[in-house]
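Structure at a glance
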Amino acid sequence: MSAIIDKANTLWWYLSRPHYSVQLIQLFRRFLNREKERTRFEATQWCQQVAIPMEEVLRKLGIDKIEYPWEVYPDYWREAERRAKQVPVVMGGAGAVEFIFTATRAFKPTRLVETGVAYGWSTLAMLLGTLERESARVISTDMPYPKMGNEPYVGYVIPEDLRERWILIRKPDILAVPKAIKHFGGTIDFAHYDSDKSYTGRMFTYPRLWKALRNDGILISDDIQDNIAFKEFAQQTGVEPLVFEYKGKYVGVLRKER
Ligand SMILES: C[S@@+](CC[C@H](N)C(=O)[O-])C[C@H]1O[C@@H](n2cnc3c(N)ncnc32)[C@H](O)[C@@H]1O
């Protein structure tokens, strides 16, 4: 009974928020894809087989050392940690911030798209990683988890003076990602995927990010052990997937050929 009430409350949450309710289509697609949604075991095994250390992934990308945002920009990072302590709700955990920071410093992208913000740690890593490039802009998409009440705190760790280079689209990926890509005129340099972790969500968004990515651009995806989407998508691109373990989960990287 309580499961039914919970589902009814979730449905009401969506229906009373028209800018998020299109996500109901994705929830229905997840149901149709339910076999693929249950591929965590297979995906985790694959990640375990192909994972290499993060340093090696960076070397394969032509980067010889990891840089840490808290060492390069200690004041910004301290301020972000101070802000995080003020957040009264628990949100999604951070992506592989030092990897994102290092990659953005090395590749010098100016058109960056990120899905999934929560506190904003990966956003901060991207903003700091591109701080020396005045023209760089980060566009993030985020739809809060239903019924969590975390909406006012999305991106809370991002200090005020970095916000002018950041655009947050508060919509589900299904609407927000095409909008973000359009904002950059259809071409992006760098993508970080860390939002809807379902097979359905990934298989909607990965191809769109990939198509928009310029040659030599980079797509990073968090939590790829959740289901087989990243492995399947990597096969479709024909590009060698680079995978590393990060705090008990796996991160996948695809670099578009030059
Ligand atoms: C794991 S957290 C992001 C963590 C963040 N990248 C970081 O490093 O701090 C995932 C975020 O994606 C959002 N999200 C989940 N599904 C989404 C969807 N379909 N569209 C947009 N955002 C979504 C969640 O509400 C949450 O804020």
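Our structure is the block above this text.
The structure reproduced in this document is the subject of the present report. (Residues numbered from 1 in each chain as written. Predicted model: local features only at pLDDT ≥ 70, side-chain atom pairs only at ≥ 80, totals over all residues. Heavy atoms only, no water.)

Focus: the pattern of salt bridges
In a structure, side chains of opposite charge can pair up when their charged atoms sit close to one another. Cut-off, in case you're wondering: Here, a salt bridge means any side-chain nitrogen of Lys or Arg that lies within 4 Å of a carboxyl oxygen of Asp or Glu. Note on conventions: DSSP H or I runs of at least 4 residues are helices, E runs of at least 2 residues are strands, and numbering of each starts at the N terminus. Relative accessibility decides the category of a residue: with a 1.4 Å probe and only protein chains considered, values under 20% of the type maximum give buried, values over 50% give exposed, and everything between is partly exposed.
Enumeration over the complete set of coordinates arrives at 21 salt bridges. One salt bridge connects R214 with D189, and the closest N-O pair in it is separated by 2.8 Å. Of the two residues, R214 is situated in strand β5 (residues 213-221) and D189 in strand β4 (residues 188-193); the sequence distance between them amounts to 25 residues. A relative accessible area of 4% means that D189 is categorised as buried. Residues joined in a network through salt bridges with shared partners are K65, E67, R105 and E132.

Some points on helix α1 (residues 2-15)
Definition in use: How far a helix is expected to stretch is found by multiplying one less than its residue total by 1.5 Å. Directions drawn from the helix axis to the C-beta atoms are what define this arc. Residue contacts are counted whenever heavy atoms from the two residues lie within 4.5 Å of one another.
Its 14 residues place the ends of α1 20 Å apart at the C-alpha level, agreeing with the 20 Å of an ideal helix rising 1.5 Å per residue. Of all the positions in α1, only T10, W13 and Y14 are classed as buried. Buried positions in α1, seen along its axis, are confined to an arc of 95° and lie on one side of it. Pointing more than 90 degrees away from the buried face of α1 are the exposed residues I4 and W12. Packing partners of the buried residues in α1 comprise α2 (18-21) and α3 (23-32).

Some remarks on the pairing of strand β1 (residues 111-115)
For clarity, the threshold we go by: Should DSSP find at least two bridges between two strands, the strands are taken to pair. Looking down the strands as they point away from you, a crossover is right-handed if its path from the first strand over the helix to the second goes clockwise.
Judged by how many residues are buried, β1 sits mostly within the fold: 4 of 5 residues are covered. As defined by bridge partners, β1 adjoins strand β2 (residues 137-141) across 5 bridges and the pair is classed as parallel. Counterpart to R111 in the pairing with β2 is R137. Note that the unit made of β1, helix α10 (residues 121-129) and β2 has a crossover that is right-handed.

Considerations on the site of the ligand
Convention followed: Whether a residue is near a molecule or strand depends on its heavy atoms: if one lies within 4 Å, it is near. Residues adjacent in sequence count toward polar contacts only when both atoms are side-chain atoms; beyond that, a polar contact is any pair of N or O atoms within 3.5 Å, and within protein one must be able to donate a hydrogen and the other to accept it. Using a 1.4 Å probe, accessible areas were evaluated by the Shrake-Rupley method; residue-level cover was limited to the displayed protein chains.
Inspection of the region around the ligand gives 22 residues, with G95, S122, D142, M143 and D194 positioned closest. Within the backbone of W121, a nitrogen or oxygen atom sits 3.1 Å from an oxygen atom of the ligand. M143 has a polar backbone atom sitting 2.6 Å from an oxygen atom of the ligand. Against a free-state accessible area of 600 Å², the protein chains account for coverage of 97% of the ligand.

Remarks on the environment of Y20
Inspection of the secondary structure puts Y20 in helix α2. Residue Y20 is classed as buried on the basis of its relative accessible area, which comes to 0%. With 153 residues separating them along the chain, Y20 and D173 place their C-alpha atoms 9.7 Å apart. Setting aside anything within four residues of it in sequence, one finds Y20 in contact with W13, Y14, M143, P144, E151, R170, K171 and P172. In this structure the side chain of Y20 is engaged in a polar contact, spanning 2.5 Å, whose partner is the side chain of E151.

Quick look at unusual backbone geometry
For K147, which is not glycine, the phi dihedral falls at a positive 70°. Among the secondary structure elements, K147 is positioned in the loop between β2 and β3 (166-169). In this structure, D216 takes a positive phi of about 80° despite not being glycine. Tracing the backbone shows D216 in strand β5.

What about the side chain of E98?
Note the threshold: We score Asp and Glu as negative and Lys and Arg as positive, and we do not count His or the chain ends.
Tracing the backbone through its elements, the reader meets E98 in helix α9 (residues 97-107). Lacking a salt bridge, the buried E98 has K247 as its closest oppositely charged neighbour, with an N-O distance of 5.7 Å. Not counting the four nearest positions on each side in its chain, E98 is found in contact with M54, I66, E67, Y68, P69, W70 and Y246.

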